[in-house]
Structures are given as structure tokens and as C-alpha cells.
Amino acid sequence: MRIKLIFSVLLVSLSIFASLAVAQQPPLIDREAFFGNPEYAGAQISPDGKFISFIKPYKDTMNIWVKGVDEPFNAARPMTADTKRPVRSYFWSRDGKYILFVQDQGGDENFNVYAVNPADKPAAGSDVPAARNITAGKGIRAIIQAVPKSDPDAIYVGLNERDKAWHDLYKVKISTGERTLINENKDRYQGIVFDNADKMRLAVRSAQNGDTEILRIDDDGKATKIYSCTTLETCSPLGFNKDNKRVYIQTNKGDLDLIELELLDVATGKTEKVESDPLGKVDLGGVSFSDITHEMIATTYEDDRVRTYWKDKGYEKDYNNIKKRLGDREISFNSSTADEKKFIVATYSDVDPGTVWLYDRKSGNLSTLYQVREKLDRKALSPMTSVKYKSSDGLEIQAYLTLPKGLAAKNLPVVIFPHGGPWGRDSWGYNTFAQFLANRGYAVLQPNFRASTGYGKKFLNAGNNQWGEKMQDDLTWGVKYLIEQGIADPKRVGIMGGSYGGYATLAGVAFTPDVYAGAVAIVAPSNLETLLQSIPPYWEAARTIFYERMGNPNTPEGLAQMKRQSPLYSADKIKTPLMVVQGANDPRVNKREADQIVIALRDRNYPVEYLVAPDEGHGFARPVNNSAMIAAAEKFLAKHLGGRFQESMTPEVAKRLGEITVDPKTVTLAKPAAKSEGPAADMNGKWSLAADANGQTLQIAVEFKQTGAAFTGATNSQIGNGTIDGGKVNGKSFTAILHAEVQGQIVDFTMEGTIDGDKITGTFTNPGFGSIPFSATRDK
């Protein structure tokens, strides 16, 4: 009897303890609070300080609104009325007469620049003033290069109308849309840098071999290289020094591992170090400057959390004043008046998406504008902590771990959530997906795997050619770490991510099929070869970088590697329940990538869930699409991992989910559209080629034989003969493989270049010989 009584008491105690544990878990937060439209976002102050602009819903779509600085928010007037796609980025003109914003169509990333005058009355039959498309391009991507102080009615814009791969520079008059061509970009310029007097002083060029070059632009237009770094290094201008003779650059050239801040003398090309991480741990994260004095305000370094080093005592005092009042939060100085006396300040933490304030530097007054997602219960959110673990080869990986509130950190269902890029990183702070999944009962791990940025050149380059291999190990060993710590239930581990994170999701279930019990792959590459074939033409400058970091599909070794690392070719090994999500207009990860993996699974009678939004691109921008996708994903994860999920959804979301759900039986693989840059240029005939091999000129006779866009060839030189095959011409660009005789051995070189009438320029590339530039003229 005594034993039965003790056993009964123990059962009752365990039952009470379990009830308390469940009671401590926060209520299920409505997914709309996470993924629906926020009440307000993107606040800015006008240059004269008289107005506050922000983004809020207009007919359920995020648009720009304006109110007087002292007016309540309900007195604001809408400035835009796009009901198809949210406006996500905008700014005021220098004189405050216009608000400028960029917009694409259905996620195609072909952005145009629009201008609206807040002083104008609403157009006839509309609630908003008329917005003018001041770049007025079709099928182009406008890139804003500069907003000059000296001419507030103008912006400098790059447009790729003439050549889809490269942007010509125009000066565009905001009030009329009138364009003036400043630079016809035939020199592979990626960007133009203006000095403190709004004078064009520098160009950043992507060389044929992938090097980044910084060029001085003289008064006569002549361009002179003053600095460069290799494909696997970083260097770029950040802003001119107050003396207007030197420019701040970030660089990790040569023996440097961590990116540091240097000053580059534009006249001489000499550099001097300004600063690197005082703790010697991470790359330079950012530098802020005064737009009035051009003095440096602060530098930042992103470690587990951001560290700020103040150079301006006044701003440091402001920062400390705010910090003292608000506690342990990240503080961001955003938009300011032209005199830099008033700022929009945002503060946030891991358990708070943020509060936005108006800060008066003179009085020290800090007034609340709005709370970001004010309906989201901050008390129900989960802290984010930094953890570290060793990967398969001993490399230390930093990651962020978010544990579900109210549950013991033992035997939990887990979602590994790798970031996109992959050349980016996750950061400490409020993360929508991490908090949403934690609220559903999952532990969430966000690893900064090798190839993530911010941790130095060696760590970044450790990911070269390691997609699906060592980079994937960094995730798998994260799972092992959580299991060893007792946090993860090894039978309930899932993986979810977008872009590269989507690739890692597919790689996880294809290459480590026993690790994961459920997977959600969003805009995910499945075939690395077709991924690189379909990149947008304006990414041409990065093609060599992709070949260096991912693999070169134009070489037999590179192609074999990429096929080995492509989840599509291991689809027969997948045994994990999988959901695939895609935007139909994605210019980065073509819909074909999703179709291929869905068809491969369907054809082996393996179940797969498939969502395709016809009005989205690389990721979902419309909240109704996001909510529909999340509703399906959380139900899917709950089924396979055992977390909680919200059964209810709004009628709009339910309707949309039905519209974007695709039956895998109906999926067909369309023939890939050729990414043509125009008719193939003519390479037929004999050419005289000169190659620069380590300072020595090698003369080579070449004969090309071209049929349509394909060509072959033969070479003859003093060191031996060679053959060319696999040649492809796309507009004026070409690629091929040269099999050359070097010291009695046949060596393969990747041959790339451009054709300009009777002239050719390009490079031969081989891992052992590096990149060898060449030029050729057609024999007459």
C-alpha cells in the first residue's frame, strides 16, 4: 500500500509539473502578427524637419504616407497607391520637394525610379498625387549611384538599356525625367564614386579576370588604376575624406585576413591604415560620416553583437543618453534633417522588433513615433543567444540559438535555419522566423557556416567550392552539437531556409538523408549548373567570382564538382518529407530550379508539396503570399516534427493558399529560355592574338570556325599548338575551352572574352597559371 501511495503521489506530481510546463509556454501567437503588414515602417524625416514620412498599408498594401512633424499619425496623407506590390524603399530629394522610390513588377527585380511631390493634390479620381516614372525603362534595372547636394533636382542613375550586363551612367532631372548621358559604360564599371563636391572622381571596375579595380577619373575622362584586389579579396571605396583628396576604402588585400579601414590617396595610389578591429576578431562592419563636415562619426564591428567605436564625441554623448534611458538595446541613427540636428532613431533587441523615435540632438528630447508590430506580445518572445561548436574539420562555427519559451531545453524539436547568400551572415536581434518557430515550440539554430561574411578572408574562402560538402558539414555538426547538449530530439530535427538556405535545405535531405525529419526549401537552387546558366545579365561582373567560389561549369572538373554538389543528382536518396516554395518571376533562382527537383521526386513516386506564387520573385513580398506559405509550412512542420501550429487562417489567406498550391503531377519542365545578349557576333576567320604571360608577350595565331552561336578553333604559337572546343557566343560575349600544349603537356584553359567588330579582348584561366589577359585582331 505504501509503495502504491508513493507511486500515486509521484504520478500526480509529474502530472502537475507537466501541466505547469505547458502552462508556462506562451499562447500561440497569430501568424499575422509576425508576417502580416506592420502598422508602420520605414520612418524618415524631411530635410527641413517639417514632415515625417513612413510606410503603412493602403488598401492592404504597404505604401508611402506623409504627415506634419507635429501631426498625429491619423492625419497622414498617402503618397502612393500601389495595390499589387508593396513599396519597400524610398527617400527624400535633397531639397525635400520630392519623395523618390523604386518599384519592380511582380518580383522581377527590374526596378525603375519614381518621383512624387508631396505638395501636389491628389490626381483626378485618385487618393494620391501622381507618381512619375523618371527612368521609364522596360526590362531594365535602374541603380541609383548618387544624390548630389549641388543639384537637388537631380540624381545619378545607372541604366542597363544599351547593354543588359552593364549600366551606363545618366544624370536624371527629378522634376522632368530629362536624362543626360554621363558615361557610356564599355569598361566593365560596376559603380561610379563622386567626391564631396559632387564631382565624378572614381570608378570601380570588374576586370576580365575577376579582380576589383579602383580607377581615378581625371578631368579629361581618362581612367587610371590606382588600387586593385583579387577575386577572392575585398576592396571598395566608402567615402571621401574631408580633405577631398583621399578616399576611405575597406580592404583585406594581400596578407590581411580581416577587412580594415584605410585611406587611399587618389593622386598617388598610396594607402595608410586607419583602423581594424581593436579586438582582432572580425571584419570592419561599417563606417558612418557626417554629410555636413565629412568627418567620421563611428566605426562598427559585428561580433556576436555589434560593437561601436565613436569618433565624434557629440554623437557618442547622444548614443549614451539614449542607451541610459532605454537599456540593453541596439540603437540605430537613421534618417536626419539636412542640418543633422534631428534624427529618426530605431531601437530593438532580440525580443523586440523595435520602437522608432524622433530625437532632437540639441534638446536631448526623445519622443516616440511608433512601436514596430505593436500587436506582437514582447513578453512571449524568446531570447537569442550566441553559441559556438566545432565542425567536421575542427573549424569553429558561431551560431545563434533561440529556444522556445516555457519549455525545458531538452529533447526539443529543432529547425536548422541557414541564411541566404551564402556570402552574408545572421545577426543578433529580432528575427521573425526564429521567433515564429520558437513560439511553435521549436529550438531554432542559425549557423554562420564557412563562407559567411564578417569573420575574415580565411573563413570566407574556406567555403570556396564547398557547397553541399564542408559548408553542409557546418550545419550537420550543428545538429550533432544540439543532440550532444541534450537540446535536440534526434528524431525531430528539421531544416528550412531560402535562397542559399533553400539550397542547404535540399542538400541536407539529399546528402544527409538520415539527419532531417522534415524540410521546407524556399526559392532553392537544385542544380548548380543551371543556376549559373540563368543568372541575370547584370550579374555579369560577378560571374568570375561565382566560378571561383562555386565551381566553373566550363571545365570538366568544375562541372563534375557542381553535379556532385547539386541536390538534383541525388534526388533518389531523399527520404525526408519535403515542401518546395517558389516565386514564378524569380530572376536569381529560376522557377526551373524548383520544377526540376519536384519532377525528380514525383517521377519516383515520392510525395512532395509544392507552392508557386505567380506574382513573386526571389522571396515573397506580398503579406498574403507570405501568410499562405507560412500557414502551409507550419502545418507541414507540425506534422513531421511535432511542434504546434495555428489551424485558423483568414479567408484571404485560405483562398491564396489554394491558388498557389501546385499539384506535382501537373508540373512540366519548360525548355530553358536562352539568355541572349543579341545576335551572336562573328568570330569566323584567322586572328592574331597577343597574350600577356607574366609580363612577356606570347604571339598566337588563331583560326575560329563558327556555326551560329557555336564555334571551335585551332591555335599555333612558338610553344606549341592547341585546339579550342565547346565555344559559345552570346551577343558579344564568348566562352570556350582551350587545350594548349605547354612544355609537352596538354593544359586546359577557360577562354572568356568579348568581341568588338575586328577586335577581341579576354582571358585564359587555369588554376595553375592564374589568369592571362589577351587581345586579338582579325587578320585582313
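Computed from a predicted structure; not experimentally measured.

1. Let's talk about the overall build of the protein chain
Reasoning step 1: Along its length, the protein chain carries 13 helices and 44 strands.
Reasoning step 2: Taken against the 2.2 N^0.38 rule, which gives 28 Å for 780 residues, the C-alpha radius of gyration of the protein chain at 28 Å falls within 12% of a compact globule.
Reasoning step 3: Projecting the C-alpha coordinates of the protein chain onto the three principal axes gives extents of approximately 105 × 65 × 55 Å.
Reasoning step 4: Counting only residues that meet the buried cut, the protein chain has 53% of its 780 residues in that class.
Reasoning step 5: A separation threshold of at least 6 residues defines the contact pool for the protein chain, and within that pool the share at least 24 residues apart is 53%.
Reasoning step 6: For the protein chain, the exposed area adds up to about 34,400 Å²; of that, 52% sits on carbon and sulfur atoms.
Reasoning step 7: The centroid of the 95 positive side-chain charges in the protein chain is displaced by 4 Å from the centroid of its 94 negative side-chain charges.

2. Quick word on the sheet that holds strand β28 (residues 384–390)
Reasoning step 1: Strand order in the open sheet formed by 9 strands is β28-β29-β31-β30-β32-β33-β34-β35-β36, and the pairing between neighbours is mixed. Strands with a single pairing partner mark the edges of an open sheet, and in this sheet they are β28 and β36 (661–662).
Reasoning step 2: Set on the sheet, helix α11 (residues 591–602) makes contact with β34 (578–583) and β35 (608–613); between it and β35 the angle comes to about 160 degrees.

3. Examining the packing of aromatic side chains
Here a ring pair, both rings aromatic, is described through the centre-centre distance and the interplanar angle of the planes.
Reasoning step 1: Counted by the stated rule, this structure contains 34 aromatic pairs.
Reasoning step 2: Taking 6.3 Å as the distance between ring centres and 80 degrees as the angle between the ring planes, the aromatic pair formed by Trp-310 and Phe-333 counts as edge-to-face. In this pair, Trp-310 sits in strand β23 (residues 306–310) while Phe-333 sits in strand β24 (residues 330–336), placing the two residues 23 residues apart along the sequence.
Reasoning step 3: We classify Trp-310 as buried; its relative accessible area is 17%.

4. Focus on the confidence of the model for the protein chain
Reasoning step 1: Of the residues in the protein chain, 95% have a pLDDT of 70 or more, and the chain-wide mean is 92.
Reasoning step 2: Scored below 50 in pLDDT, residues 1–23 shows 1 contact in the model against residues more than four places distant or in partner chains.

5. Thoughts on the pairing of strand β33 (residues 518–522)
Reasoning step 1: Most of β33 is tucked away, with 5 of its 5 residues classed as buried.
Reasoning step 2: Side-chain alternation along β33 places Gly-518, Val-520 and Ile-522 on one buried face and Ala-519 and Ala-521 on a second face that is also buried.
Reasoning step 3: Judged from the 5 bridges that link them, strand β32 (residues 488–498) and β33 form a sheet pairing that is parallel. Across the sheet, residue Ile-495 finds its bridge partner in β33, namely Ala-519.
Reasoning step 4: Pairing geometry for β33 and β34, over 4 bridges, is parallel. Across the sheet, residue Ala-521 finds its bridge partner in β34, namely Val-580.

Cut-off values and rules
Residues numbered from 1 in each chain as written. Predicted model: local features only at pLDDT ≥ 70, side-chain atom pairs only at ≥ 80, totals over all residues. Heavy atoms only, no water. Helix = DSSP H or I, 4+ residues; strand = E, 2+ residues; numbered from the N terminus. Rg over C-alpha atoms; globule rule 2.2 N^0.38 Å. Buried < 20%, exposed > 50% of the residue type's maximum accessible area, 1.4 Å probe, protein only. Contact = heavy atoms within 4.5 Å. Areas by Shrake-Rupley, 256 points an atom, 1.4 Å probe, with all protein chains shown as cover. Lys, Arg positive; Asp, Glu negative; His and termini not counted. Charge placed at Lys NZ, Arg CZ, Asp CG, Glu CD. Pairing = 2+ DSSP bridges. Axes fitted to C-alpha atoms, helices over the stretch in contact; angles between N-to-C directions. Phe/Tyr/Trp six-rings, centres within 6.5 Å; stacked < 30°, edge-to-face > 60°. pLDDT = per-residue confidence, 0-100.

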